[in-house]
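What follows is each chain in one-letter form.
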Amino acid sequence: NLEYFEFIVMDNRVKMREPISPSDKIVIIGITENSILELGGWPLARRKYAELIEKLKNSGAIVAGVDIVFENPGKPDEDKYLAETLKSMPTVLPVVHEKRLEIIDSEISDNLIDVIKKPSPSIITKGQKFGFINTAYENSNVDGILRSLPLKIDVNGKIHESFAVSCIRAYL
């Protein structure tokens, strides 16, 4: 298969190219198992995320991309604190694109429907930016390897940007 051969050539070209230096304008803060234990266990208190965003803002960060799905409400006072903190600077929160079986008249049908899961409304304020963080398997190549991600998706007639694109837009 010619397409498969082209992917092998492309993979090898990427491996042979010069290393690309990361930008000094991007900082990734990882949450490790050790940091989770030090901060009181999982799930982390929402105030911890708010404190981290405040530290980023006070350190001169222009945008915070928070790649944590806050799907369920937390403690009301902590959600309010996080919402206020998210509002204090440009932030992007993730959404998840899912395909689910449709329920019609309390019966599960055979129809798959597209759903966008947003964070809990308790932390969303007016003007909050979002970006999707996952992609469907059908975006992988014939050999099952995912080599690129869509920059936008159309879900039920509404365009959703990727998390990365939303972060760049918030920065610009």
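Going by the structure above, here's the rest.
Conventions and cut-offs
- In every chain, residue numbers begin from 1 and rise along the written sequence.
- In view of the model being predicted, local features appear only for residues whose pLDDT reaches at least 70, and side-chain atom pairs are presented and counted only at 80 or more, with totals across whole chains, interfaces and linings using the full set of residues.
- The basis for the side-chain values is all heavy atoms of the structure; hydrogens and waters are excluded.
- Strands are runs of DSSP state E lasting at least two residues, helices are runs of H or I lasting at least four, and both sets are numbered from the N terminus onward.
- Here the radius of gyration uses the C-alpha set of atoms, whereas the globule reference equals 2.2 Å times the residue count to the power 0.38.
- A simple rule labels every residue: compare its accessible area, found with a 1.4 Å probe on the protein chains alone, to the largest value its type can have, and call it buried under 20%, exposed over 50%, or partly exposed in between.
- The contact definition used throughout considers only heavy atoms, calling two residues in contact when any of these lie within 4.5 Å.
- Positive: Lys, Arg. Negative: Asp, Glu. His and the chain ends are not part of the count.
- All charge positions are set by atom: Lys at NZ, Arg at CZ, Asp at CG, Glu at CD.
- Comment: axis = line fitted to C-alpha atoms, over the contacting stretch for helices; angle = value between 0 and 180 degrees taken between N-to-C directions.
- Angles are sorted into four bins: roughly parallel if under 35 degrees, roughly antiparallel if over 145, roughly perpendicular if 65 to 115, and oblique for all others.
- Less than a right angle of anticlockwise turn of the near helix away from the far helix marks a crossing as left-handed, whereas a clockwise turn marks it as right-handed.
- Three categories are distinguished: nonpolar for Ala, Val, Leu, Ile, Met, Phe, Trp, Tyr, Cys and Pro, charged for Asp, Glu, Lys and Arg, and polar for the others, with Gly belonging to the last.
- Residues belong to one nonpolar core when they are buried, are Ala, Val, Leu, Ile, Met, Phe, Trp, Tyr or Cys, and are joined through side-chain atoms within 4.5 Å.

**Student:** Outline the overall build of the protein chain, supporting the account with residue identities and numerical values.
**Tutor:** Counting secondary structure elements, the protein chain contains five helices and six strands. Counting helices and strands in the order they occur from the N terminus, the protein chain gives α-α-α-β-α-β-β-β-β-β-α. Against the globule reference of 16 Å for 172 residues, the protein chain gives a C-alpha radius of gyration of 19 Å, more extended than a compact globule. Referenced to the eigenvectors of the C-alpha coordinate spread, the extents of the protein chain come out at roughly 60 × 55 × 35 Å. Taken across its 172 residues, the protein chain has 29% of its residues classed as buried. Nonlocal contacts in the protein chain, meaning residues at least 24 apart in sequence, comprise 64% of its contacts between residues at least 6 apart. Side-chain charges of the protein chain comprise 22 positive and 25 negative groups, with the mean position of each set lying 8 Å from the other.

**Student:** Residue-level account of the packing of helix α3 (residues 46-58) against helix α4 (residues 76-87), with values.
**Tutor:** Look at α3 against α4: their axes get within 8 Å of each other, and the N-to-C directions meet at 20°. In terms of their interaxial angle, α3 and α4 are classed as roughly parallel. The handedness of the crossing between α3 and α4 comes out as left-handed. Residues Arg46, Arg47, Tyr49, Ala50, Glu51, Ile53 and Glu54 of α3 touch α4, and the partners they reach there are Glu78, Asp79, Tyr81, Leu82, Thr85 and Leu86. Its residues placed into classes, the contact of α3 with α4 shows six nonpolar, one polar and six charged.

**Student:** I'd like a rundown of the nonpolar core, residues and numbers included.
**Tutor:** Ranked by internal contacts, the top residues of the largest apolar core, which has 19 residues, are Val66, Phe70, Leu82, Leu86 and Leu93. Those elements that provide at least two residues to this core are α3, α4, β2 (91-104), β4 (129-132) and β5 (152-155). Broken down by element, the residue count for this core peaks at three residues, all from α3. In this view, Leu86 contacts Ile53, Val66, Thr91, Leu93, Ile123 and Gln128; residues no more than four positions away in its chain are not counted. The next biggest cluster of nonpolar side chains, apart from the first, holds five residues, and it includes Val63, Val92, Cys167 and Ala170.

**Student:** Give me unusual backbone geometry: which residues, what numbers.
**Tutor:** Residues Trp42 and Pro43 are joined by a peptide bond in cis, for which omega reads 0°. As for its placement among the helices and strands, Pro43 is situated in the loop between α2 (33-38) and α3. The phi dihedral of Asn156 falls on the positive side, at around 55°, and the residue is not glycine. Mapped onto the secondary structure, Asn156 falls in the loop between β5 and β6 (158-161). On the basis of relative accessible area, Asn156 is assigned to the exposed category, the value being 64%.

The values are spatial; any link to function lies outside them.
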